[in-house]
Amino acid sequence: MNKYIKYFFISLLILLLSFGGIINAESEIMLLEDISPGQTGYAKTVFKGIEVEKFNIEVIDIVQGQNFDSKLILIKGSGQKLKNAGGIASGMSGSPVYIDDKLVGAISYKWQDADHKYALVTPILEMFNLSDSDYSLDDKLIAANTPIMVAGLNDRALDRLSDGLNIPKNRFIAGLSDAQKTVKNFSLKPGSAIAVQLVRGDISVASIGTVTYLDNELVYAFGHPFMNKGNSNYLFSGAYIDGIIPSNKQPFKVGSVLDQLLGVIEADRFSGILGRLKKYPSIIPITVDVSDRSRNVSKKVRVQIIDDEQMLRELGSSIILQSIDSTIDRIGNGTSKVNIKIMGSNLPDGEINKENMYYSSNDIAVSSLYDFYQVADLITRNPFKKINIYDIKIDIDVYKSDNIALIQKAEVLNEQVYPGSLMKVNVVLRPYRDQMVTKEVTIEIPKDINIGRATLAISGGYSGLPNRRQTEEDNGNDLNYTVIDGYKSFEEMIEAYLDGPKNNELTLQVYPSFIPKNQEMDSNQKAEEQDINNESEIKSEDNKLSQDDDEKEPEIKSQVDTDYVLEGSLTLDFEVKNLPTDDKVNNNPADTLK
């Protein structure tokens, strides 16, 4: 009776699955409990090109999986094709395994530095439930690990990507495949090679694996996770296998991404990935236009990256770094001008524009990434709203020259400064190994400014950046340091960022004498106590920030661009005097100069 009950429930399970769209009349499965050591069958995969071929397998045993409620099937492969390939290779993950022409599961795991004829198979029913499970991997087993094929990234751009995404460097295979390949008559079926893409275009970052099962528009593959992100939004394409590289450590497939986009990978979980045909992922186009002005060389890089907040900064910065490196063809000193334009929903006026200038004595390419890191963090880590990015354009001009200057001294040119006058200031800059440059800047003094001694602060944007840090230090932060207390909206955050000084911007700001608003004095008393007030109550910028927003006075500031990345700052005091009654002076107080 127990035997009949068992077959009843198995039949019922298959019937329910077939009604659910998983099993159809053309494909049958073999349940795990019907599999035993010694059974033989075959697996399907691509050894070369796009042709699906078979190799023989034998069941060795059923073993405990990496989770308490999972089982895996230990198999041994054989045949001349497999022998020539060096065994079961990375990139074969997802290869369907059949016994008696019934689908058993997908090749998924193996042991590193072991006999490469052996592998583990994820049972097919676990893959059908992959959208409901979410586990992590055991380090002792190696997923017959889909190698990540990279085209167009040099070593240091790849290092940045590997570190940023927390993917071991040895999983990447660089410079071995074209970014895209056109193949006629490609058709998707069990055993076909596919590519899961993070970046597509002039630069390609894609993982190559194998299709296990197709159910109308659903594609089950890999038999193990790609990045184990759960719900996902990866680009999904076919792949062409250039060959299999034998290795004592682990053989691996080398392939190229096909140019036709098939759909989206919408689930990435412990038991595999799930693709959907004819439904396409949300992507972000990025165009990087770099000009080396010293060599008169320009390059333009166009890519599409997946729309993923956790990957935008790392994918984008690696692409920008590669674009600069390949254009200037060196690592070293220089100056750059960078313009970043990002278009998207929920952005003020629909876009963000940021221009800046950078200098480095040893690596101008890396220094040029600073603002992209900043704005990417503001967009993806802000606590207020989701920003949907439509397009990113980055224009970069790089110069071999050291366009950097120190703010050396300043002088107020007015003989007297009065309320309502234009104060003229000469600022002397000392460029690196060049003659001094004088910049004249005017500041409009408000008519209601307090009489007495005031302070003029002069700074360059480069040295004025608060909490400036190396970009590598930002990795792992839940909220970027630009998201600080006090902002009430995303709009406030982005406005403060865009209003911040540029590295080549000279900023002059006046801090007037401070007199409490409620203090009422007659003019004689003011005159007698003015010196005391000037010495003890000059209002600093930090004190201003402590006032309520409604009580803040407008800033007395002037900002001008220069041709240099500026370093240094200085302050000087000057006197704001009562406007004299002399008609000539009163008519044009700004004309009173030294």
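Residues numbered from 1 in each chain as written. Predicted model: local features only at pLDDT ≥ 70, side-chain atom pairs only at ≥ 80, totals over all residues. Heavy atoms only, no water.

Caption draft 1: Seen up close, the overall build of the protein. In terms of regular secondary structure, the protein is built from 12 helices and 28 strands. Here the protein holds 594 residues, and 51% of them are scored as buried. Within the protein, residue pairs in contact and separated by at least 24 positions form 72% of the contacts whose partners lie at least 6 positions apart. As displayed, the protein offers around 28200 Å² of accessible surface, 46% of which is attributable to carbon and sulfur atoms. (Helix = DSSP H or I, 4+ residues; strand = E, 2+ residues; numbered from the N terminus. Buried < 20%, exposed > 50% of the residue type's maximum accessible area, 1.4 Å probe, protein only. Contact = heavy atoms within 4.5 Å. Areas by Shrake-Rupley, 256 points an atom, 1.4 Å probe, with all protein chains shown as cover.)

Caption draft 2: Spotlight on the packing of helix α5 (residues 309-328) against helix α7 (residues 370-381). Where α5 meets α7, the axes come as close as 9 Å, and the angle between the chain directions of the two elements is 165°. Classified by the angle their axes make, α5 and α7 are roughly antiparallel. Taken as a pair, α5 and α7 cross one another with a handedness that is right-handed. For the pair α5 and α7, the contacting residues are Glu309, Leu312, Arg313, Glu314, Gly316, Ser317 and Ile320 in the first and Phe372, Tyr373, Ala376, Asp377, Ile379, Thr380 and Arg381 in the second. Among the residues forming the contact of α5 with α7, the class breakdown is six nonpolar, three polar and five charged. (Axes fitted to C-alpha atoms, helices over the stretch in contact; angles between N-to-C directions. Parallel < 35°, antiparallel > 145°, perpendicular 65-115°, else oblique. Left-handed = near helix turned anticlockwise from the far one by under 90°. Nonpolar A, V, L, I, M, F, W, Y, C, P; charged D, E, K, R; others polar.)

Caption draft 3: Main features of the packing of aromatic side chains. Summed over all chains, the structure comprises seven aromatic pairs. Taking 5.3 Å as the distance between ring centres and 80° as the angle between the ring planes, the aromatic pair formed by Phe226 and Tyr234 counts as edge-to-face. Take Phe226: its relative accessible area is 3%, and that puts it in the buried class. Among the aromatic residues, ring-to-ring pairing joins Phe128, Tyr213 and Tyr220 into one connected group. Lys54 extends its terminal NZ or CZ atom over the ring of Tyr42, reaching a point 4.2 Å from the ring centre. For the cation-ring pair, Lys354 lies above Tyr497, with the distance from its terminal atom to the ring centre recorded as 4.9 Å. (Phe/Tyr/Trp six-rings, centres within 6.5 Å; stacked < 30°, edge-to-face > 60°. Lys NZ or Arg CZ within 6 Å of the ring centre and 35° of its normal.)

Caption draft 4: Quick peek at the pattern of salt bridges. In total, this model carries 20 salt bridges according to the counting rule given. The residue Glu266 makes a salt bridge to Arg276 at a minimum N-O spacing of 2.9 Å. Of the two residues, Glu266 is situated in strand β14 (residues 252-269) and Arg276 in strand β15 (residues 272-277); the sequence distance between them amounts to 10 residues. Glu266 sits in the buried class, given a relative accessible area of 19%. A network of salt bridges, in which partner residues are shared, links Arg313, Glu314, Asp377 and Arg381. (Salt bridge = Lys/Arg side-chain N within 4 Å of Asp/Glu carboxyl O.)

Caption draft 5: Structural context of the confidence of the model for the protein. Residue-level pLDDT values for the protein average 81, and 77% of them are 70 or greater. In this model, residues 517-550 is a region of pLDDT below 50 whose contacts with residues beyond four sequence positions or in other chains number 35 contacts. Scored below 50 in pLDDT, residues 583-594 shows 23 contacts in the model against residues more than four places distant or in partner chains. (pLDDT = per-residue confidence, 0-100.)

Caption draft 6: Region of the structure containing the packing of α7 against helix α9 (residues 490-499). Close contact between α7 and α9 brings their axes to 11 Å; oriented N to C, the two are set at 170°. Taken together, the axis directions place α7 and α9 in an arrangement best described as roughly antiparallel. Residues Asp371, Gln374, Val375, Leu378 and Ile379 of α7 form the contact with α9, whose own contacting residues are Phe490, Met493, Ile494 and Tyr497. Grouping the constituent residues of the contact of α7 with α9 by class yields seven nonpolar, one polar and one charged.

Caption draft 7: Structural detail: the sheet that holds strand β28 (residues 569-576). Read across the open sheet, the four strands follow the order β26-β25-β24-β28; overall the sheet is antiparallel. The open sheet terminates on both sides in strands that have one partner only, identified here as β26 (556-561) and β28. Each adjacent strand pair in this sheet contributes to an overall mean axis angle of 15°, direction not counted. In this structure, strand β24 (residues 452-460) lies alongside strand β25 (residues 505-511), joined through six bridges in antiparallel fashion. Bridge assignment links Gly460 to a residue of β25, and that residue is Leu506. (Pairing = 2+ DSSP bridges.)

Caption draft 8: Region of interest: the environment of Glu505. Relative to the helices and strands, Glu505 resides in strand β25. Given the relative accessible area of 11%, Glu505 is considered buried. It is 5.4 Å that separates the C-alpha atoms of Glu505 and Gly461, two residues lying 44 residues apart in sequence. Leave out the neighbours within four places in its chain, and Glu505 touches Ser459, Gly460, Gly461, Gly500, Gln559, Val560, Asp561 and Leu566.

Caption draft 9: Structural context of the sheet that holds strand β22 (residues 422-431). Taken in spatial order, the four strands of this open sheet run β23-β22-β21-β27, and their pairing is mixed. Where the open sheet ends on each side, the last strands, each with one partner, are β23 (437-444) and β27 (565-567). Shown here is a sheet whose adjacent strand axes are inclined to one another by a mean of 40°, direction ignored. Relative to β27, strand β21 (residues 404-412) runs parallel, the two being bridged by three bridges. Residue pairing for β27: Leu406 is matched across the bridge by Glu567.

Caption draft 10: Structural view of the pairing of β14. For β14, the tally of buried residues reaches 14 of 18 residues, placing the bulk of the element in the interior. Judged from the 12 bridges that link them, strand β13 (residues 230-245) and β14 form a sheet pairing that is antiparallel. The residue bridging Tyr240 from the neighbouring strand is Ser256, located in β14. Hairpin connection between β13 and β14: a loop of six residues separates the two successive antiparallel strands.

Caption draft 11: Representation of helix α4 (residues 155-165). Burial in α4 covers these residues: Ala157, Leu158, Arg160, Leu161, Ser162 and Leu165. Following α4 by one or two positions, Asn166 adopts a phi angle in the positive range, close to 60°.

Caption draft 12: Local environment of the pairing of strand β18 (residues 334-344). Counting buried positions over the 11 residues of β18 gives eight, a clear majority of the element. Two elements, β18 and strand β19 (residues 351-360), share 10 bridges in a ladder whose sense is antiparallel. The partner of Met343 across the bridge, within β19, is Glu351. Counted along the chain from β18 to the antiparallel partner β19, the turn is six residues long, and its residue Asn346 has a positive phi close to 65°. The pairing of β18 with strand β20 (residues 389-399) spans 10 bridges and is classified as antiparallel. Across the sheet, the residue bridging to Met343 is Asp391, located in β20.

Caption draft 13: Molecular detail of the environment of Asp307. With respect to the secondary-structure elements, Asp307 resides in the loop between β17 (297-306) and α5. Overall, Asp307 belongs to the buried group, its relative accessible area being 18%. Once residues lying within four places of it in the same chain are set aside, the contact partners of Asp307 are Asn233, Ser282, Ile283, Ile284 and Lys386. One polar contact links Asp307 to Ser282, side chain to side chain, over a distance of 2.9 Å. (Polar contact = N/O pair within 3.5 Å; in protein donor to acceptor, adjacent residues only side chain to side chain.)

Caption draft 14: Up close: the nonpolar core. Counting residues in hydrophobic clusters, the biggest one holds 72 residues, and the most contacted among them are Leu198, Val199, Ile305, Leu315 and Ile396. For this core, the leading source of residues is α5, giving eight residues. With residues near it in sequence (within four places) discarded, Ile305 still touches Leu198, Val199, Ile283, Ile284, Ile286, Leu312, Leu315 and Ile319. By size, the runner-up hydrophobic cluster in this structure holds 26 residues, among which are Ile449, Leu506, Val510 and Leu572. (Core = buried A, V, L, I, M, F, W, Y, C linked by side-chain atoms within 4.5 Å.)

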